[in-house]
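Here's the letter readout for the chains.
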Amino acid sequence: GPRKQNAQRRKEKESIDKYMRKGNIIIGAGTYINGGERIVTGPNSKIIIGKNCAIGRYFGCASITHDLKRPTRSNEHIMHLQKEADILIGDGVYIGERVTIKEGVTIGDHAVIGAGAVVTKDVSPFSIVGGIPAKHIRFNTEHEKYKIN
C-alpha cells in the first residue's frame, strides 16, 4: 500500500543522499538504483548519472582503478599506482542487473545496457549493448524519442 511505497521511497532517497554528500557522485532526479550497488570515485574524478535512469541490482562503477604500470604493491613500493577517469551516464539510461561500467566511459541518453555487461568503451545514445566486453547489438528504434537523422 501507500505506506510501504513511502517507506521504500524514503529508503531510496536516503541511499541517494548518502552518495551525493561525497561530492564526486551526482545522481539525477527520478533515477533509481535497485540495490547492492558499488559506486566509487577518486579525489580527482567524478561519476555523473543522469535523470530518470533505471539501474538494476548489483550495479558497479568506479572512476578510479589500479594503473597497470604498477597494479600491486611490491618490495620497493608500499602502494600500487592508481588512475582515474570520469564516468558519465546520460538521461533515461536503462542498465540491467550485474552491470559493470569501467573508468572513462560515457553512456549516451536512452541507451540500454544488457544484464551482466562489462562496459569498457563509450556507448552511443539509444544504443543497446551487451556482453563482456559490451558490444553494440542494435539501436533502440522502438524508443518513443528515437528519431532517424
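Everything numeric here is computed off the predicted structure, so don't read it as measured data.

Asker: Teacher, can you tell me more about the environment of His136 here?
Answerer: Here His136 is to be found in strand 16 (residues 135–139). Residue class for His136 comes out partly exposed when judged on its relative accessible area of 44%. Note: C-alpha distance between His136 and Ser124 (twelve residues apart in sequence) is 8.8 Å. When neighbours within four sequence positions are excluded, His136 is seen to be in contact with Ser127, Ile128 and Val129. Of the polar contacts made by the side chain of His136, one reaches the side chain of Ser127; its length is 2.6 Å.

Asker: What is the right way to read the sheet that holds strand 12 (residues 106–107) from this model?
Answerer: Through backbone hydrogen bonds, the strands of a sheet pair up, either in parallel or in antiparallel fashion. Spatial ordering of the open sheet is given by 1-4-9-12, a layout of four strands whose pairing is parallel. Only two strands of the sheet have a single partner each, and these edge strands are strand 1 (25–27) and strand 12. Pairing geometry for strand 9 (residues 87–89) and strand 12, over two bridges, is parallel. Looking across to strand 12, one finds that Ile89 is bridged to Ile107.

Asker: So what exactly am I meant to see when it comes to the pattern of salt bridges here?
Answerer: In a structure, side chains of opposite charge can pair up when their charged atoms sit close to one another. Within the structure shown, the criterion is met by six salt bridges. Between Asp67 and Lys69 there is a salt bridge whose closest N-O contact spans 4.0 Å. With relative accessibility at 13%, the residue Asp67 sits in the buried group. With a relative accessible area of 72%, Lys69 lands in the exposed category. Three or more residues are tied together by salt bridges with common partners; here these are Lys83, Lys102 and Glu103.

About the cut-offs
- Residues numbered from 1 in each chain as written.
- Predicted model: local features only at pLDDT ≥ 70, side-chain atom pairs only at ≥ 80, totals over all residues.
- Heavy atoms only, no water.
- Helix = DSSP H or I, 4+ residues; strand = E, 2+ residues; numbered from the N terminus.
- Buried < 20%, exposed > 50% of the residue type's maximum accessible area, 1.4 Å probe, protein only.
- Contact = heavy atoms within 4.5 Å.
- Polar contact = N/O pair within 3.5 Å; in protein donor to acceptor, adjacent residues only side chain to side chain.
- Pairing = 2+ DSSP bridges.
- Salt bridge = Lys/Arg side-chain N within 4 Å of Asp/Glu carboxyl O.

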